[in-house]
Amino acid sequence: MIDFRYHLVSIVAVFLALAIGIVLGSTELQPAAYTFLNSTSAKLQNQLDQATSQRDAAQQQASEGEQYAQAVEPTVLHDLLTGQRLLIVTEPGAQSSVVSGISAAAIDAGASVTGQINLQPKFFDTSGTTQDSLNQTTQDVAQTASIQLDTSATYQQQAAQVIASEILATASGSGSRSGGGDQSTNAATMLQAYAASQFLSTTGQPAMPATLAVVVTPQNAPSDGSADQLDQVLIPLVQELAAKSSATVVVGSSIGSGAGSPIAVLRSNNVSNQVSTVDDAELASGQTVAIQALAAQLAGGKAGSYGFTANGASAIAPSPAPTPTASASATPTVSTKKKKAKN
């Protein structure tokens with residue numbers, strides 16, 4: 001058994017060793033120790049100064065690159081999406097600056113932004129009570145709008161089917177149940193029903209039929225790199241948007257597109273063959289690429305994964321870069337449809 005005497009001896013031994021160390025360090029070992037420490041400190045300080053200088057230079061280059069991308073964006077995107085209408089759909093946690101940047105880039109490309117649908121956390125909730133509420137809302141809307149639901153789909157996918165059917169139309173006119181004012185009226189009623197149940201909120205006029213869609217994912221990925229339910233539910237939503245629109249692109253930020261992020265989940269799924277992804281949309285260059293990806297798909301190109309290779313991208317941007325001439329073929333059909341809807 002350890003008694004008080006043992007503790008006392010141990011404490012004395014510790015203090016004795018400390019005292020001896022202090023005496024030795026202040027006499028024979030002091031010059032050598034100081035010389036070594038000073039030399040090591042100088043080397044570390046030099047390395048720190050070099051790293052700081054490199055960091056500052058990299059930040060300066062990145063800042064100048066971003067300024068250049070912002071300056072040339074209107075010219076690069078000019079007339080790429082003339083006559084198109086863009087709808088923006090956001091997930092919870094989407095970065096507002098990304099949304100505003102995509103909107104501005106779309107306008108620079110000649111498109112109009114109809115509005116914004118902000119999906120709420122409740123839309124992604126798979127608990128029983130919430131699922132029942134979502135199903136009831138979807139059934140009511142589908143019956144009113146005469147939409148035949150896919151009975152084998154999940155409740156979120158059925159809701160996505162209804163939403164996409166009412167707010168999107170392809171350039172050729174397929175993918176929408178009706179056109180013009182009728183579709184806008186039906187879409188407004190549908191959006192109000194889901195908003196009243198707190199599954200989404202809206203900005204602008206998203207009820208106006210759009211031909212293109214951009215989905216903005218959360219700013220940050222899960223810290224442990226795991227995929228959450230929000231990301232998994234996004235897949236059927238994106239599939240419905242892609243099926244009902246002329247082109248759909250999913251965007252995220254560079255720090256929010258790593259393992260477990262919506263971008264990562266989509267890129268590992270077959271849906272990547274239907275929609276393009278951009279993982280650096282917080283940058284002007286990424287916003288430009290998102291619009292180019294839409295234009296490339298309008299011109300008949302394949303969907304692609306764009307941005308940083310570290311996040312699984314296969315290219316920085318579509319190659320060759322889309323041109324206004326290549327994507328203009330979709331515009332006359334949309335214009336004709338609008339004229340017919342008015343008559």
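Before going into details, it helps to say that this report is about the structure given with it. (Residues numbered from 1 in each chain as written. Predicted model: local features only at pLDDT ≥ 70, side-chain atom pairs only at ≥ 80, totals over all residues. Heavy atoms only, no water.)

**Topic: unusual backbone geometry**
So, step 1. Residue P320 follows S319 across a cis peptide bond; omega there is 0°.
So, step 2. Phi is positive for D79, which is not a glycine, with a value near 65°.
So, step 3. Inspection of the secondary structure assignment puts D79 in the loop between helix 2 (30-77) and strand 1 (85-90).
So, step 4. Judged by relative accessible area, D79 falls into the partly exposed class, the value being 35%.
So, step 5. The phi dihedral of S146 falls on the positive side, at around 60°, and the residue is not glycine.
So, step 6. Looking at where S146 falls in the secondary structure, it is placed in the loop between helix 4 (128-145) and helix 5 (155-167). (Helix = DSSP H or I, 4+ residues; strand = E, 2+ residues; numbered from the N terminus. Buried < 20%, exposed > 50% of the residue type's maximum accessible area, 1.4 Å probe, protein only.)

**Focus: the sheet that holds strand 1**
So, step 1. Across the sheet, which stays open at both edges, the seven strands sit in the order 3-2-1-4-5-6-7 with mixed pairing between neighbours. Because the sheet does not close on itself, it has two edges, and the strands there are strand 3 (200-204) and strand 7 (305-306).
So, step 2. Packing against the sheet, helix 9 (residues 284-298) makes contact with strand 1, strand 4 (212-216), strand 5 (247-251), strand 6 (276-278) and strand 7, and its axis sits at approximately 155° to strand 5. (Pairing = 2+ DSSP bridges. Contact = heavy atoms within 4.5 Å. Axes fitted to C-alpha atoms, helices over the stretch in contact; angles between N-to-C directions.)

**With respect to the environment of I163**
So, step 1. Mapped onto the fold, I163 is located in helix 5.
So, step 2. For the pair I163 and A187, spaced 24 residues apart in sequence, the C-alpha to C-alpha distance is 7.7 Å.
So, step 3. Sequence-distant contacts of I163, that is, excluding residues within four places in its chain, are made with I117, F123, M190, Y194 and L200.

**Focus: the pattern of salt bridges**
Pairing between side chains becomes possible if they bear opposite charge and their charged atoms approach one another.
So, step 1. For the structure on display, the rule yields two salt bridges.
So, step 2. One salt bridge connects K244 with E240, and the closest N-O pair in it is separated by 2.9 Å. Within this pair, K244 and its partner E240 are both found in helix 7 (residues 229-244), separated by four residues, close to a single helical turn.
So, step 3. Using a relative accessible area of 12% as the deciding quantity, one classes E240 as buried.
So, step 4. Note that D279 and R267 form a salt bridge whose closest N and O atoms lie 3.0 Å from each other. Pair noted here: D279 is in the loop between strand 6 and helix 9 and R267 is in helix 8 (residues 262-267), with a separation of 12 residues, a long-range link.
So, step 5. Residue D279 is classed as buried on the basis of its relative accessible area of 0%.
So, step 6. The exposure class assigned to R267 is buried, which follows from its relative accessible area of 15%. (Salt bridge = Lys/Arg side-chain N within 4 Å of Asp/Glu carboxyl O.)

**Overview of the packing of helix 4 against helix 5**
So, step 1. At a minimum axis separation of 9 Å, helix 4 and helix 5 run at an interaxial angle of 35°. For the element pair helix 4 and helix 5, the recorded crossing hand is left-handed. Between helix 4 and helix 5, the residues in contact are Q131, L134, N135, T138, Q139, V141, A142 and A145 and Y155, Q156, Q158, A159, V162 and E166, respectively.
So, step 2. By residue class, the composition of the contact of helix 4 with helix 5 is seven nonpolar, six polar and one charged. (Left-handed = near helix turned anticlockwise from the far one by under 90°. Nonpolar A, V, L, I, M, F, W, Y, C, P; charged D, E, K, R; others polar.)

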